[in-house]
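Single-letter residue listing:
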Amino acid sequence: MSHDSTETPTGRLDSPPTTRLRWRTVDIIVAAVLAAAFGVVFAGWNALWAATAPAFTWFPPAQAVLYGMWLVPGVLGGLVIRKPGASVFTELVAATVSVFFGAPAPLMIVVYGLVQGLGAELGFAALRYRSWRLPAALVAGLTAGLVPAVLDNVLYNAAWAAAWMLAYGVLVVASTVALAGVGSYVLVRALASTGVLAPFAAGREQSTT
């Protein structure tokens, strides 16, 4: 691991790609801490999902408005670390940590963490890992949300009417854009204001605004 000190406060990366995209030790540590914290959040969100299910018996797809929380680590990790693989790493580790709090299908949860992380990764990759503003967060939230929108309907909701499946997919994506996209962007700004992101361009940007 090498120390990359070439990121500018504006987020522009002027160093050679092989240098600016290389992970540092601090990147791994912070990504792991964020992931572990959200692994705990996931455990609580799982309980909330189960507890609120009866409130949506009138229209089960509506519960998807809560879905976006499970996609936050992938978008957040990408916005903070700003390196290829950050979204996958953070989302996967968060999913894995949540398994230790009890899960009926632990392997499936880990697999979901992987593919949802890849979904967020796709959004940042589409922007060549060079844009980290709110629009980038929204794109990553969108691409991440498409993964469970499709997978859940195929694996769990196949017995639903097509209209219900469509509504579920749309609400999953909307929730992910709002909670994981906007939410992660706001959280990065909040964390940066405390100084804890000082080693990252995401933190240095806030110190200049």
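Here we summarise the structure given alongside this text. (Residues numbered from 1 in each chain as written. Predicted model: local features only at pLDDT ≥ 70, side-chain atom pairs only at ≥ 80, totals over all residues. Heavy atoms only, no water.)

### Some thoughts on the overall build of the chain
- Within the chain, the regular secondary structure consists of eight helices and zero strands.
- Expressed as a percentage of its 209 residues, the buried residues of the chain come to 45%.
- Excluding contacts between residues fewer than 6 apart, the proportion of contacts in the chain whose partners are at least 24 apart in sequence is 70%.
- On the chain, roughly 9,600 Å² of surface is accessible, and the fraction owed to carbon and sulfur atoms is 75%. (Helix = DSSP H or I, 4+ residues; strand = E, 2+ residues; numbered from the N terminus. Buried < 20%, exposed > 50% of the residue type's maximum accessible area, 1.4 Å probe, protein only. Contact = heavy atoms within 4.5 Å. Areas by Shrake-Rupley, 256 points an atom, 1.4 Å probe, with all protein chains shown as cover.)

### Focus on helix α2 (residues 25–52)
- Over its 28 residues, α2 runs 40 Å from end to end, which matches the ideal 40 Å to within 8%, given 1.5 Å per residue.
- Considering only its buried residues, α2 is in contact with α3 (72–81), α4 (86–99) and α7 (162–194). (Expected span 1.5 Å × (residues − 1).)

### Some remarks on the pattern of salt bridges
- By the definition in use, this model includes two salt bridges.
- Here Arg24 ties to Asp27 by a salt bridge, and the two come within 2.9 Å at their closest N and O atoms. A single burial state applies to Arg24 and to Asp27, both of which are buried.
- Among the charged side chains, a salt-bridge network with shared partners connects Arg24, Asp27 and Lys83. (Salt bridge = Lys/Arg side-chain N within 4 Å of Asp/Glu carboxyl O.)

### As for helix α6 (residues 134–155)
- Helix length check: α6, at 22 residues, gives a terminal C-alpha distance of 32 Å against a target of 32 Å (1.5 Å per residue), a fit within 8%.
- Every buried residue belonging to α6 is among Ala136, Ala137, Ala140, Gly141, Thr143, Ala144, Gly145, Val147, Pro148, Ala149, Asp152 and Asn153, and all of these are buried.
- In this structure, the buried residues of α6 make contact with α3, α5 (106–126) and α7.

### Describing the side chain of Ser184
- Mapped onto the secondary structure, Ser184 falls in helix α7.
- Since its relative accessible area comes to 0%, Ser184 is described here as buried.
- A distance of 3.5 Å separates a polar atom in the side chain of Ser184 from the backbone nitrogen of Leu76.
- If we skip the residues at most four places from it in the chain, Ser184 touches Val72, Val75, Leu76, Leu79 and Leu179. (Polar contact = N/O pair within 3.5 Å; in protein donor to acceptor, adjacent residues only side chain to side chain.)

### Observations regarding the packing of aromatic side chains
- Taken as a whole and judged by the stated rule, the model has nine aromatic pairs.
- Between Trp49 and Trp70, the aromatic rings sit 5.1 Å apart at their centres with planes inclined by 55 degrees, giving tilted as the arrangement. Note that Trp49 is positioned in helix α2 and Trp70 in the loop between α2 and α3, a separation of 21 residues in sequence.
- When its relative accessible area of 21% is taken as the criterion, Trp49 is described as partly exposed. (Phe/Tyr/Trp six-rings, centres within 6.5 Å; stacked < 30°, edge-to-face > 60°.)

### Overview of the side chain of Glu121
- Among the secondary structure elements, Glu121 is positioned in helix α5.
- Taking relative accessible area as the criterion, Glu121 reaches 8% and is therefore assigned buried.
- Apart from residues no more than four positions distant in its own chain, Glu121 is found in contact with Lys83, Pro84, Gly85, Ala86, Ser87, Val88 and Tyr129.

### Some thoughts on the nonpolar core
- With 43 residues, the main nonpolar core has Val75, Leu79, Val80 and Ile81 as its most contacted residues.
- Every element with two or more residues in this core is listed here: α2, α3, α4, α5, α6 and α7.
- Among all residues touching Val80, those that are not within four sequence positions of it are Val30, Leu34, Val188, Leu197, Phe200 and Ala202. (Core = buried A, V, L, I, M, F, W, Y, C linked by side-chain atoms within 4.5 Å.)

### With respect to the environment of Val154
- Here Val154 is to be found in helix α6.
- Classification of Val154 as exposed rests on a relative accessible area of 56%.
- Separated by eleven residues in sequence, Val154 and Met165 have C-alpha atoms that sit 9.2 Å apart.

### Comments concerning the packing of α2 against α4
- The interhelical angle for the contact between α2 and α4, taken along N-to-C directions, is 45 degrees, at an axis separation of 7 Å. One element, α2, and the other, α4, form an angle in the oblique class. Here α2 and α4 pass one another in a crossing that is right-handed. Residue-level contacts link Ile28, Ala31, Ala32, Leu34, Ala35, Ala36, Phe38, Gly39, Val40, Phe42 and Ala43 of α2 to Phe89, Thr90, Glu91, Val93, Ala94, Ala95, Val97 and Ser98 of α4. (Axes fitted to C-alpha atoms, helices over the stretch in contact; angles between N-to-C directions. Parallel < 35°, antiparallel > 145°, perpendicular 65-115°, else oblique. Left-handed = near helix turned anticlockwise from the far one by under 90°.)

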